[in-house]
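Structural description and commentary
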Amino acid sequence: SYAFGEEPMKDWDLKRREWLKLHPSFAASEEKVLLVTGSQPNVCKNPVGDHLQLRLFKNKVDYCRIHGHEIFYNNVLLNQKGTGFWAKYPLLRASMLAHPEAEWIWWVDSDAVVTDMEFKLPLERYKDHNLVVHGWWNMLYEEKSWTSLNAGVLLIRNCQWSMDLMERWTSMGPQNPDHEKWGKAQKSLIKDKAYPGSDDQSALIYLLIKEKDRWADKIYLESEYNLHGYWLGIVDGLDKISKGYMEIDREVDLLRRRHAEKMSLFYGAMREKHMKDRGFWKENVRRPFVTHFTGCEPCSGEHNSMYTWEACWNGMQKALNFADNQVLSRFGFVHPDLLNSSLVSPLPFDFPA
Ligand code: UDP
Ligand code: MN
């Protein structure tokens, strides 16, 4: 059964292996990633919400096109009770079943922007793990903080373990008649939890603390790069990062020209080395991989009261244009002002492609 919350999936690893044997043309590989994202079934309440959803989707399509990933966008509720942040789990499960050839499903919240179009997921690093989220172990176990990890961007392996985890995870969600009880249980464990009901991020933290032996081994908390980066700490720095990269591009282009043809082969490697030499891998200098506008609620407009809608709007424009510049520059154009989305100017004719 493909239905969610009904019969649990059993023996998926075996079934998946059999399917792959019968469909050799799909050529499964450890690197095969399916990006899954989506949004609500109805028109956004916020008048600019659907426009933002389109730009946020375009950004993900661009990243997938560049890196050869498949993408699936969903805007129906596969389980009527699984709304909001709980909507992704029935979808992740269905995506695993619909795409046995995909080794990884990469869930990216609609309100998250890929802000480094060149960065490749370091999948090799996760070969012994089944779930990857941004987070910090010490913060999780010492502070039991709600922000010790983020469930808005996650990589989950297409396997039985993931089915079991999601089964357990969503047992704390709204399809369970007991979910109010779970909200309270989470709150008593996670002091800085603001949302009163049971939420998926708290549920994961809860499982990592209360059922550590069962799950923690296979979960990778990533903090070496921004698999998820909180937008408030990022958007003000984007102009400077953008200038820094342009400078690097100019310098590397000069070097390349000086060394003519043969060096052009090594452009990518040269740029990497040049950036390393210049300390470009530090935070606030390097492009953040993903900028997540958690709390901004672009579709409903019901943003967190800690900041204004203007701050969210401007932040999203900046992040989207910052990312789009990395795409547009290949087409010979650039947004000179990250806050002005409609203005583009042509790049100098000999700009490096
Ligand atoms: N979402 C969905 N269907 C829905 C509602 C939400 O797929 O009906 C997805 C959407 O991608 C959204 C995510 O669920 O980004 C989580 O919600 P949100 O980003 O608003 O939570 P936050 O990051 O602000 O905590
Ligand atoms: Mn989000």
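Residues numbered from 1 in each chain as written. Chains lettered and ligands numbered in written order. Predicted model: local features only at pLDDT ≥ 70, side-chain atom pairs only at ≥ 80, totals over all residues. Heavy atoms only, no water.

Some words on the overall build of the protein chain
Scanning the protein chain from terminus to terminus reveals 12 helices and 11 strands. Taking 353 residues into account, the globule formula puts the C-alpha radius of gyration at 20 Å, and the protein chain, at 21 Å, falls close to it. Taking the principal axes of its C-alpha atoms as reference, the protein chain extends roughly 65 × 50 × 40 Å. Taking all 353 residues of the protein chain together, the buried fraction comes to 50%. Counting contacts in the protein chain only where the partners sit at least 6 residues apart, residues at least 24 apart contribute 73% of the total. Surface summary for the protein chain: the accessible area is close to 17,700 Å², and the carbon and sulfur share equals 56%. One way to put it: in the protein chain the 45 positive side-chain charges average out to a point 2 Å from where the 48 negative ones average out. (Helix = DSSP H or I, 4+ residues; strand = E, 2+ residues; numbered from the N terminus. Rg over C-alpha atoms; globule rule 2.2 N^0.38 Å. Buried < 20%, exposed > 50% of the residue type's maximum accessible area, 1.4 Å probe, protein only. Contact = heavy atoms within 4.5 Å. Areas by Shrake-Rupley, 256 points an atom, 1.4 Å probe, with all protein chains shown as cover. Lys, Arg positive; Asp, Glu negative; His and termini not counted. Charge placed at Lys NZ, Arg CZ, Asp CG, Glu CD.)

Focus on the side chain of Ser-198
Summarising the element assignment, Ser-198 is placed in the loop between α6 (179-189) and α7 (200-210). For Ser-198, a relative accessible area of 4% gives the class buried. A polar atom in the side chain of Ser-198 sits 2.6 Å from the backbone oxygen of Met-172. Reaching out from Ser-198, the side chain makes a polar contact with the side chain of Gln-186 at a distance of 3.0 Å. Once residues within four sequence positions are removed from consideration, Ser-198 is found in contact with Phe-85, Trp-86, Met-172, His-179, Trp-182, Gly-183, Gln-186 and Lys-193. (Polar contact = N/O pair within 3.5 Å; in protein donor to acceptor, adjacent residues only side chain to side chain.)

Describing the coordination of the manganese ion (ligand 2)
Each protein donor to the manganese ion (ligand 2) is listed here as Asp-109 (OD), Asp-111 (OD), Asp-111 (OD) and His-292 (NE2); together their distances run 2.1 to 2.5 Å. Around the manganese ion (ligand 2) sit 6 donor atoms, and with donor-metal-donor angles ranging over 56 to 174 degrees the site reads as irregular. All donor residues of the manganese ion (ligand 2) come from one chain, and their arrangement in sequence is D-x1-D-x180-H. Taken together, the positions of Asp-111 in the loop between β3 (102-108) and β4 (112-114) and His-292 in strand β9 (residues 290-292) put the pair 181 residues apart, joining distant regions of the chain. Here the two residues Asp-111 and His-292 agree in accessibility, since each one is buried. (Donors = N, O, S within 2.8 Å, 3.2 Å for Na, K, Ca; no water. Tetrahedral: all angles 85-135°; square planar, octahedral: opposite > 155°, others 65-115°.)

Details of the pairing of strand β5 (residues 131-135)
For β5, the buried fraction is high: 5 of the 5 residues fall into the buried class. Of the two faces of β5, the one carrying Leu-131, Val-133 and Gly-135 and the one carrying Val-132 and His-134 are both buried. One ladder, built from 5 bridges, connects β5 with strand β6 (residues 149-157); its direction is antiparallel. Pairing of Val-132 across the sheet is with Leu-155, part of β6. (Pairing = 2+ DSSP bridges.)

As for the confidence of the model for the protein chain
Residues with a pLDDT of 70 or more make up 94% of the protein chain, whose mean pLDDT is 92. Below a pLDDT of 50 lies the segment residues 1-5, which in the model reaches 11 contacts outside its immediate sequence neighbourhood of four places, other chains included. (pLDDT = per-residue confidence, 0-100.)

A word on helix α12 (residues 309-328)
Between its first and last C-alpha atoms α12 spans 27 Å; for 20 residues at 1.5 Å apiece the expected length is 28 Å, and the two agree. Counting buried residues along α12, 16 of its 20 residues qualify, which places the element largely inside the surrounding structure. (Expected span 1.5 Å × (residues − 1).)

Observations concerning the environment of Val-36
Turning to its location among the elements, Val-36 is positioned in strand β1 (residues 29-38). Note on Val-36: relative accessible area 0%, which makes it buried. When the C-alpha atoms of Val-36 and Trp-106 are compared, they prove to be 5.9 Å apart, with 70 residues separating the residues in sequence. The contact partners of Val-36, leaving out residues within four places of it in the chain, are Phe-72, Leu-91, Ser-95, Ile-105, Trp-106, Trp-107 and Val-108.

A closer look at the site of ligand 1
Taken together, 15 residues sit near ligand 1, with Gly-38, Ser-110, Asp-111, Thr-294 and Gly-295 positioned nearest. Here Gly-38 contributes a backbone N or O atom positioned 2.6 Å from an oxygen atom of ligand 1. Burial of ligand 1 by the surrounding chains reaches 83%, relative to a free accessible area of 520 Å². Taken together, the residues that form the shell around ligand 1 break down as 4 nonpolar, 8 polar and 3 charged. (Near = heavy atom within 4 Å. Nonpolar A, V, L, I, M, F, W, Y, C, P; charged D, E, K, R; others polar.)

A few points about the nonpolar core
Ranked by size, the top nonpolar core spans 48 residues in total, and within it Trp-106, Leu-121, Tyr-126, Leu-155, Leu-238, Phe-289 and Phe-293 carry the most contacts. Of all the secondary-structure elements, those providing two or more residues to this core are β1, α2 (49-67), β3, β4, β6, α9 (238-258), α11 (267-277) and α12. In terms of residue count, the dominant contributor to this core is α12 (8 residues). The contacts of Leu-238, once residues within four sequence positions are left out, are Pro-288, Lys-318, Ala-319, Phe-322 and Leu-338. Counting residues in hydrophobic clusters, the runner-up holds 41 residues, among them Leu-34, Leu-165, Ala-203 and Trp-215. (Core = buried A, V, L, I, M, F, W, Y, C linked by side-chain atoms within 4.5 Å.)

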